Amino acid sequence: MELKLVNKDGRNLTVKIIGEDHTLCNILRKTLHEDEHVITASYTIEHPLLEHPTFYVNVKKGKTPERALTDAAERIIESCDGLQKKLLRELKK
Amino acid sequence: MELEIRKLVGDEMEFVLSGANPAFANALRRAMLREVPIMAIDEVEFLVNDSAMYDEILAHQLALVPLRTPDGYLLRDECGCKEGSCPRCSVSLTLKREGPATVLSGDLKSSDNEVVPVSGSIPLVRLDEGQRLEFTAIARLGFGREHAKWQPGIVAYKYVPTFELDERACDACGACVKRCPRNILELSDGKLKVVDVEKCIMCNACVEACPREAIRIGHHEDKFIFRIESTGALPSEQILLKALDALEGKCKEFIKQVKKL
(Lines give C-alpha, C1' and ligand atoms only; values in the text may rest on other atoms or scores of the structure.)
Protein backbone atom coordinates (compact mmCIF):
# COMPACT_ATOMS: atom_id res chain seq x y z
CA MET A 1 0.00 0.00 0.00
CA GLU A 2 1.10 3.50 -0.74
CA LEU A 3 -0.65 6.84 -0.32
CA LYS A 4 -0.30 9.54 -2.91
CA LEU A 5 -1.36 13.01 -1.93
CA VAL A 6 -3.70 14.51 -4.52
CA ASN A 7 -4.93 17.58 -2.71
CA LYS A 8 -4.69 19.02 0.77
CA ASP A 9 -6.03 22.27 2.07
CA GLY A 10 -6.96 22.82 5.69
CA ARG A 11 -9.87 20.54 6.39
CA ASN A 12 -9.96 18.71 3.07
CA LEU A 13 -7.78 15.82 2.09
CA THR A 14 -7.75 13.79 -1.10
CA VAL A 15 -5.42 10.84 -1.41
CA LYS A 16 -4.93 8.01 -3.84
CA ILE A 17 -4.61 4.67 -2.10
CA ILE A 18 -2.34 2.65 -4.34
CA GLY A 19 -2.91 -1.09 -4.32
CA GLU A 20 -6.19 -1.10 -2.44
CA ASP A 21 -9.81 -1.68 -3.42
CA HIS A 22 -13.34 -1.67 -1.99
CA THR A 23 -12.32 -4.05 0.82
CA LEU A 24 -10.59 -1.31 2.78
CA CYS A 25 -12.14 1.84 1.29
CA ASN A 26 -15.79 1.05 1.92
CA ILE A 27 -15.38 0.10 5.57
CA LEU A 28 -13.13 3.12 6.09
CA ARG A 29 -15.73 5.42 4.55
CA LYS A 30 -18.48 3.94 6.69
CA THR A 31 -16.39 4.20 9.87
CA LEU A 32 -15.53 7.83 9.11
CA HIS A 33 -19.25 8.61 8.80
CA GLU A 34 -19.63 7.59 12.44
CA ASP A 35 -17.10 10.24 13.49
CA GLU A 36 -18.85 13.45 14.50
CA HIS A 37 -15.93 15.57 13.28
CA VAL A 38 -16.27 14.24 9.75
CA ILE A 39 -18.50 16.11 7.35
CA THR A 40 -17.87 14.08 4.19
CA ALA A 41 -15.98 10.91 3.49
CA SER A 42 -16.15 9.19 0.13
CA TYR A 43 -14.11 7.37 -2.44
CA THR A 44 -14.20 6.53 -6.10
CA ILE A 45 -12.54 3.96 -8.31
CA GLU A 46 -12.66 5.50 -11.77
CA HIS A 47 -11.91 2.24 -13.54
CA PRO A 48 -11.74 -1.11 -11.72
CA LEU A 49 -8.74 -2.37 -13.71
CA LEU A 50 -6.79 0.78 -14.44
CA GLU A 51 -7.34 3.04 -11.44
CA HIS A 52 -6.62 2.99 -7.74
CA PRO A 53 -9.21 4.37 -5.33
CA THR A 54 -9.21 8.09 -4.64
CA PHE A 55 -10.31 8.82 -1.09
CA TYR A 56 -11.74 12.14 -0.02
CA VAL A 57 -12.35 13.33 3.52
CA ASN A 58 -13.62 16.65 4.83
CA VAL A 59 -13.63 17.48 8.55
CA LYS A 60 -14.93 20.07 10.98
CA LYS A 61 -12.72 22.17 13.23
CA GLY A 62 -11.12 20.21 16.05
CA LYS A 63 -9.60 17.35 14.10
CA THR A 64 -7.25 17.12 11.15
CA PRO A 65 -8.34 14.93 8.23
CA GLU A 66 -5.24 12.76 8.79
CA ARG A 67 -6.27 12.22 12.39
CA ALA A 68 -9.79 11.28 11.32
CA LEU A 69 -8.37 8.67 8.98
CA THR A 70 -6.07 7.09 11.55
CA ASP A 71 -8.85 7.13 14.17
CA ALA A 72 -11.18 5.31 11.79
CA ALA A 73 -8.51 2.73 10.93
CA GLU A 74 -7.87 2.20 14.63
CA ARG A 75 -11.57 1.61 15.25
CA ILE A 76 -11.62 -1.06 12.53
CA ILE A 77 -8.58 -2.70 14.12
CA GLU A 78 -10.41 -2.74 17.46
CA SER A 79 -13.45 -4.39 15.90
CA CYS A 80 -11.30 -7.03 14.21
CA ASP A 81 -9.41 -7.69 17.42
CA GLY A 82 -12.58 -8.04 19.44
CA LEU A 83 -14.11 -10.36 16.89
CA GLN A 84 -11.01 -12.51 16.77
CA LYS A 85 -11.02 -12.91 20.54
CA LYS A 86 -14.70 -13.85 20.49
CA LEU A 87 -14.10 -16.34 17.70
CA LEU A 88 -11.25 -18.02 19.59
CA ARG A 89 -13.42 -18.21 22.69
CA GLU A 90 -16.27 -19.76 20.65
CA LEU A 91 -13.91 -22.29 19.10
CA LYS A 92 -12.72 -23.45 22.52
CA LYS A 93 -16.27 -24.29 23.56
CA MET B 1 -19.93 -6.81 17.70
CA GLU B 2 -20.92 -10.34 18.58
CA LEU B 3 -20.16 -13.60 16.89
CA GLU B 4 -21.96 -16.86 17.40
CA ILE B 5 -20.97 -20.07 15.66
CA ARG B 6 -24.02 -22.00 14.57
CA LYS B 7 -22.42 -24.83 12.74
CA LEU B 8 -18.89 -26.06 12.23
CA VAL B 9 -18.83 -29.38 10.43
CA GLY B 10 -16.11 -30.50 8.06
CA ASP B 11 -15.39 -27.72 5.62
CA GLU B 12 -18.57 -25.82 6.38
CA MET B 13 -19.14 -23.11 8.92
CA GLU B 14 -22.11 -20.96 9.68
CA PHE B 15 -22.03 -18.06 12.09
CA VAL B 16 -24.11 -15.06 13.03
CA LEU B 17 -22.50 -11.67 13.17
CA SER B 18 -24.53 -9.15 15.13
CA GLY B 19 -24.01 -5.53 16.02
CA ALA B 20 -22.21 -4.97 12.72
CA ASN B 21 -23.03 -2.78 9.75
CA PRO B 22 -23.29 -3.93 6.11
CA ALA B 23 -19.94 -2.29 5.29
CA PHE B 24 -18.14 -4.38 7.90
CA ALA B 25 -19.93 -7.57 6.85
CA ASN B 26 -18.92 -6.97 3.27
CA ALA B 27 -15.33 -6.08 4.16
CA LEU B 28 -15.13 -9.37 6.06
CA ARG B 29 -16.58 -11.33 3.15
CA ARG B 30 -14.22 -9.70 0.67
CA ALA B 31 -11.23 -10.25 2.96
CA MET B 32 -12.04 -13.96 3.22
CA LEU B 33 -12.37 -14.37 -0.53
CA ARG B 34 -9.50 -12.16 -1.64
CA GLU B 35 -6.94 -11.71 1.11
CA VAL B 36 -6.34 -15.18 2.54
CA PRO B 37 -3.42 -16.87 0.76
CA ILE B 38 -3.55 -20.57 -0.11
CA MET B 39 -1.49 -22.93 -2.24
CA ALA B 40 -2.33 -23.60 -5.88
CA ILE B 41 -0.40 -24.85 -8.89
CA ASP B 42 1.06 -21.84 -10.65
CA GLU B 43 3.48 -23.22 -13.21
CA VAL B 44 3.59 -26.51 -15.11
CA GLU B 45 6.37 -27.90 -17.23
CA PHE B 46 5.24 -30.70 -19.51
CA LEU B 47 7.79 -33.32 -20.43
CA VAL B 48 5.41 -35.60 -22.29
CA ASN B 49 1.76 -35.02 -23.08
CA ASP B 50 0.20 -37.49 -25.52
CA SER B 51 -3.31 -36.92 -24.18
CA ALA B 52 -6.13 -35.34 -26.15
CA MET B 53 -5.96 -32.23 -23.96
CA TYR B 54 -3.67 -29.34 -24.82
CA ASP B 55 -0.94 -28.46 -22.31
CA GLU B 56 -2.53 -25.14 -21.38
CA ILE B 57 -5.99 -26.64 -20.81
CA LEU B 58 -4.49 -29.34 -18.60
CA ALA B 59 -2.43 -26.74 -16.73
CA HIS B 60 -5.59 -24.76 -16.08
CA GLN B 61 -7.31 -27.90 -14.80
CA LEU B 62 -4.36 -28.56 -12.49
CA ALA B 63 -4.41 -25.06 -11.07
CA LEU B 64 -7.97 -25.55 -9.89
CA VAL B 65 -7.14 -28.66 -7.83
CA PRO B 66 -7.42 -27.54 -4.18
CA LEU B 67 -4.24 -28.24 -2.19
CA ARG B 68 -3.96 -28.41 1.56
CA THR B 69 -2.12 -25.35 2.84
CA PRO B 70 -0.03 -25.68 6.00
CA ASP B 71 1.40 -22.65 7.80
CA GLY B 72 4.97 -21.62 7.22
CA TYR B 73 5.23 -21.03 3.49
CA LEU B 74 6.20 -17.60 2.23
CA LEU B 75 4.66 -15.60 -0.57
CA ARG B 76 6.85 -15.38 -3.65
CA ASP B 77 7.45 -11.65 -3.12
CA GLU B 78 8.23 -12.05 0.57
CA CYS B 79 10.74 -14.81 -0.14
CA GLY B 80 12.60 -12.89 -2.79
CA CYS B 81 14.58 -15.89 -3.95
CA LYS B 82 16.01 -15.56 -7.43
CA GLU B 83 14.43 -18.58 -9.07
CA GLY B 84 11.00 -17.98 -7.48
CA SER B 85 10.66 -21.65 -6.67
CA CYS B 86 12.76 -22.40 -3.61
CA PRO B 87 11.49 -24.80 -0.91
CA ARG B 88 10.54 -21.86 1.34
CA CYS B 89 8.01 -20.45 -1.10
CA SER B 90 7.00 -23.32 -3.35
CA VAL B 91 6.21 -27.02 -3.56
CA SER B 92 6.86 -29.15 -6.57
CA LEU B 93 4.37 -31.76 -7.68
CA THR B 94 5.18 -34.38 -10.27
CA LEU B 95 3.12 -36.86 -12.19
CA LYS B 96 3.98 -39.72 -14.49
CA ARG B 97 1.31 -42.00 -15.94
CA GLU B 98 0.82 -44.21 -18.91
CA GLY B 99 -2.53 -45.17 -20.46
CA PRO B 100 -5.02 -46.66 -20.53
CA ALA B 101 -5.96 -44.77 -17.39
CA THR B 102 -7.89 -41.89 -15.95
CA VAL B 103 -5.33 -39.61 -14.36
CA LEU B 104 -6.57 -38.46 -10.96
CA SER B 105 -5.44 -35.70 -8.63
CA GLY B 106 -4.27 -38.45 -6.27
CA ASP B 107 -1.58 -39.39 -8.78
CA LEU B 108 0.28 -36.12 -8.08
CA LYS B 109 3.43 -36.70 -6.03
CA SER B 110 4.24 -33.77 -3.80
CA SER B 111 7.62 -32.73 -2.42
CA ASP B 112 5.87 -31.86 0.85
CA ASN B 113 3.46 -34.44 2.20
CA GLU B 114 1.45 -31.70 3.88
CA VAL B 115 0.75 -29.99 0.57
CA VAL B 116 -1.37 -32.58 -1.18
CA PRO B 117 -4.65 -32.46 -3.10
CA VAL B 118 -7.63 -32.17 -0.78
CA SER B 119 -9.30 -34.96 -2.70
CA GLY B 120 -7.45 -37.68 -4.54
CA SER B 121 -10.35 -38.52 -6.81
CA ILE B 122 -10.56 -35.45 -9.04
CA PRO B 123 -10.23 -36.62 -12.67
CA LEU B 124 -7.67 -34.61 -14.63
CA VAL B 125 -7.46 -36.30 -18.04
CA ARG B 126 -8.03 -39.66 -19.67
CA LEU B 127 -5.20 -41.49 -21.37
CA ASP B 128 -5.68 -44.04 -24.13
CA GLU B 129 -3.60 -47.16 -24.76
CA GLY B 130 0.08 -46.19 -25.02
CA GLN B 131 -0.48 -42.46 -24.32
CA ARG B 132 1.86 -40.97 -21.76
CA LEU B 133 1.73 -37.96 -19.48
CA GLU B 134 4.62 -36.57 -17.51
CA PHE B 135 5.04 -33.14 -15.96
CA THR B 136 6.44 -31.16 -13.05
CA ALA B 137 4.28 -28.48 -11.49
CA ILE B 138 5.12 -25.72 -9.04
CA ALA B 139 2.56 -24.71 -6.44
CA ARG B 140 2.78 -21.33 -4.72
CA LEU B 141 0.88 -19.22 -2.27
CA GLY B 142 -1.32 -16.58 -3.79
CA PHE B 143 -4.36 -14.37 -3.23
CA GLY B 144 -7.91 -14.80 -4.44
CA ARG B 145 -7.83 -11.25 -5.77
CA GLU B 146 -5.32 -12.43 -8.35
CA HIS B 147 -6.92 -15.66 -9.50
CA ALA B 148 -9.90 -17.78 -8.38
CA LYS B 149 -7.60 -20.79 -7.92
CA TRP B 150 -6.26 -19.03 -4.82
CA GLN B 151 -9.71 -18.46 -3.37
CA PRO B 152 -9.98 -20.51 -0.16
CA GLY B 153 -13.70 -21.20 -0.58
CA ILE B 154 -17.11 -19.71 -1.00
CA VAL B 155 -18.24 -17.08 1.47
CA ALA B 156 -21.64 -15.44 1.52
CA TYR B 157 -23.90 -13.71 3.98
CA LYS B 158 -27.53 -12.80 4.20
CA TYR B 159 -29.68 -10.56 6.34
CA VAL B 160 -31.80 -12.11 9.06
CA PRO B 161 -35.39 -11.77 7.78
CA THR B 162 -38.24 -10.49 9.89
CA PHE B 163 -41.88 -11.39 9.45
CA GLU B 164 -44.46 -8.95 10.74
CA LEU B 165 -48.10 -9.88 10.86
CA ASP B 166 -50.96 -7.53 11.52
CA GLU B 167 -53.07 -9.97 13.51
CA ARG B 168 -56.15 -7.81 13.40
CA ALA B 169 -56.11 -7.72 9.62
CA CYS B 170 -55.27 -11.39 9.11
CA ASP B 171 -58.31 -13.61 8.63
CA ALA B 172 -56.25 -16.81 8.33
CA CYS B 173 -57.37 -17.46 4.76
CA GLY B 174 -54.19 -19.44 4.07
CA ALA B 175 -53.39 -17.81 0.71
CA CYS B 176 -49.86 -16.97 1.87
CA VAL B 177 -49.28 -20.49 3.21
CA LYS B 178 -49.85 -21.92 -0.27
CA ARG B 179 -47.72 -19.32 -2.01
CA CYS B 180 -44.61 -19.46 0.20
CA PRO B 181 -41.88 -21.22 -1.84
CA ARG B 182 -39.96 -22.19 1.31
CA ASN B 183 -43.04 -23.56 3.11
CA ILE B 184 -42.29 -21.70 6.30
CA LEU B 185 -45.85 -20.61 7.02
CA GLU B 186 -48.59 -22.72 8.55
CA LEU B 187 -52.06 -22.39 9.95
CA SER B 188 -52.72 -23.82 13.36
CA ASP B 189 -55.86 -23.26 15.41
CA GLY B 190 -57.03 -20.63 12.94
CA LYS B 191 -53.87 -18.59 13.35
CA LEU B 192 -50.97 -17.95 11.02
CA LYS B 193 -47.59 -19.11 12.31
CA VAL B 194 -44.04 -18.85 10.99
CA VAL B 195 -42.11 -22.09 11.38
CA ASP B 196 -38.56 -20.90 10.71
CA VAL B 197 -38.20 -17.27 9.74
CA GLU B 198 -34.53 -17.67 8.84
CA LYS B 199 -35.47 -19.89 5.91
CA CYS B 200 -37.33 -16.94 4.38
CA ILE B 201 -35.74 -15.67 1.17
CA MET B 202 -37.59 -12.34 1.30
CA CYS B 203 -39.30 -12.96 -2.04
CA ASN B 204 -42.45 -11.17 -0.86
CA ALA B 205 -44.73 -13.84 -2.39
CA CYS B 206 -46.76 -13.93 0.83
CA VAL B 207 -47.13 -10.15 0.82
CA GLU B 208 -48.49 -10.28 -2.72
CA ALA B 209 -50.76 -13.24 -1.96
CA CYS B 210 -52.37 -11.59 1.06
CA PRO B 211 -55.71 -9.98 0.10
CA ARG B 212 -55.80 -7.92 3.31
CA GLU B 213 -52.24 -6.55 3.33
CA ALA B 214 -51.51 -8.01 6.73
CA ILE B 215 -47.91 -9.14 6.12
CA ARG B 216 -44.70 -7.16 6.09
CA ILE B 217 -41.32 -8.70 5.31
CA GLY B 218 -38.19 -6.92 6.41
CA HIS B 219 -34.77 -7.67 7.85
CA HIS B 220 -32.60 -6.85 10.84
CA GLU B 221 -30.24 -3.97 10.09
CA ASP B 222 -27.27 -5.23 12.06
CA LYS B 223 -27.43 -8.99 11.95
CA PHE B 224 -25.90 -11.22 9.30
CA ILE B 225 -25.80 -14.95 8.75
CA PHE B 226 -22.47 -15.91 7.25
CA ARG B 227 -21.75 -19.17 5.52
CA ILE B 228 -18.23 -20.30 4.71
CA GLU B 229 -17.62 -23.34 2.57
CA SER B 230 -13.92 -24.07 2.35
CA THR B 231 -12.38 -25.88 -0.61
CA GLY B 232 -10.47 -27.84 2.01
CA ALA B 233 -7.24 -25.87 1.54
CA LEU B 234 -7.75 -24.35 4.98
CA PRO B 235 -10.25 -25.19 7.73
CA SER B 236 -13.15 -22.73 7.49
CA GLU B 237 -12.48 -21.17 10.91
CA GLN B 238 -8.90 -20.48 9.81
CA ILE B 239 -10.22 -18.61 6.78
CA LEU B 240 -12.17 -16.33 9.10
CA LEU B 241 -9.24 -15.84 11.51
CA LYS B 242 -6.84 -15.06 8.69
CA ALA B 243 -9.28 -12.69 7.04
CA LEU B 244 -9.60 -10.71 10.28
CA ASP B 245 -5.81 -10.63 10.49
CA ALA B 246 -5.59 -9.42 6.90
CA LEU B 247 -8.13 -6.65 7.47
CA GLU B 248 -6.27 -5.60 10.60
CA GLY B 249 -2.98 -5.65 8.73
CA LYS B 250 -4.42 -3.44 6.03
CA CYS B 251 -5.56 -0.86 8.60
CA LYS B 252 -2.19 -0.90 10.37
CA GLU B 253 -0.40 -0.35 7.10
CA PHE B 254 -2.85 2.43 6.27
CA ILE B 255 -2.11 4.22 9.55
CA LYS B 256 1.60 3.95 8.83
CA GLN B 257 1.11 5.46 5.39
CA VAL B 258 -1.10 8.29 6.65
CA LYS B 259 1.60 9.25 9.13
CA LYS B 260 4.04 9.53 6.24
CA LEU B 261 1.85 12.08 4.45
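Up top is the structure.
Here is a short report on the structure shown in this document. (Residues numbered from 1 in each chain as written. Chains lettered and ligands numbered in written order. Predicted model: local features only at pLDDT ≥ 70, side-chain atom pairs only at ≥ 80, totals over all residues. Heavy atoms only, no water.)

1. Here we look at the overall build of chain B
Alright, step 1. Along chain B, the regular secondary structure elements total six helices and twelve strands.
Alright, step 2. Whereas a compact globule of 261 residues would reach a radius of gyration of roughly 18 Å, chain B reaches 25 Å, over 25% beyond that.
Alright, step 3. In terms of principal-axis extent, the alpha carbons of chain B reach across some 75 × 60 × 25 Å.
Alright, step 4. Looking at chain B as a whole, 43% of its 261 residues are labelled buried.
Alright, step 5. For chain B, the computed accessible surface area is about 13,700 Å², with 46% contributed by carbon and sulfur atoms.
Alright, step 6. A gap of 3 Å separates the mean positions of the 35 positive and 41 negative side-chain charges of chain B. (Helix = DSSP H or I, 4+ residues; strand = E, 2+ residues; numbered from the N terminus. Rg over C-alpha atoms; globule rule 2.2 N^0.38 Å. Buried < 20%, exposed > 50% of the residue type's maximum accessible area, 1.4 Å probe, protein only. Areas by Shrake-Rupley, 256 points an atom, 1.4 Å probe, with all protein chains shown as cover. Lys, Arg positive; Asp, Glu negative; His and termini not counted. Charge placed at Lys NZ, Arg CZ, Asp CG, Glu CD.)

2. With respect to the environment of Arg145(B)
Residue and element names in this part refer to chain B.
Alright, step 1. The residue Arg145 is located in the loop between strand 8 (132–142) and strand 9 (153–165) in this model.
Alright, step 2. Residue classification places Arg145 among the partly exposed residues on the basis of a relative accessible area of 42%.
Alright, step 3. Separated by 58 residues in the primary sequence, Arg145 and Pro87 place their C-alpha atoms 24 Å from one another.
Alright, step 4. When near neighbours in sequence (up to four residues on either side) are disregarded, Arg145 contacts Arg34 and Glu35. (Contact = heavy atoms within 4.5 Å.)

3. A word on the interface of chain A and chain B
Alright, step 1. At the interface, 34 residues of chain A touch 33 residues of chain B.
Alright, step 2. Carbon and sulfur atoms make up 74% of the surface buried where chain A meets chain B, a total of about 3,200 Å² over both sides.
Alright, step 3. Across the chain A-chain B interface, the total number found is four salt bridges.
Alright, step 4. Linking Glu2(B) and Lys86(A) is a salt bridge whose minimum nitrogen-to-oxygen distance equals 3.5 Å.
Alright, step 5. Our count for the chain A to chain B interface comes out at ten residue pairs in polar contact (both at pLDDT 80 or more).
Alright, step 6. At the level of elements, strand 1 (2–9), strand 2 (12–18), helix 1 (22–33) and helix 2 (65–92) of chain A are the ones that each hand at least two residues to the side of chain A that touches chain B.
Alright, step 7. Per-element accounting of the side of chain A that touches chain B gives the leading share, 17 residues, to helix 2 of chain A. (Buried area = accessible area lost by both parts, 1.4 Å probe. Salt bridge = Lys/Arg side-chain N within 4 Å of Asp/Glu carboxyl O. Polar contact = N/O pair within 3.5 Å; in protein donor to acceptor, adjacent residues only side chain to side chain.)

4. Details of the layout of surface pockets
A water-sized probe rolled over the atoms picks out the places where empty space is left.
Alright, step 1. Considering only enclosed or pocket space, the largest pocket measures out at about 320 Å³ in volume.
Alright, step 2. Lining the largest pocket are 16 residues, with Glu20(A), Asp21(A), Pro48(A), Glu51(A) and Arg34(B) sitting closest to its centre.
Alright, step 3. Of the residues that constitute the lining of the largest pocket, the class distribution is five nonpolar, three polar and eight charged. (1 Å grid on protein atoms, 1.4 Å probe; cavity = no way out; pocket = protein on both sides within 12 Å on 5 of 7 lines; lining within 4 Å. Points joined across faces, edges and corners; volume = space filled by probe spheres on them. Nonpolar A, V, L, I, M, F, W, Y, C, P; charged D, E, K, R; others polar.)

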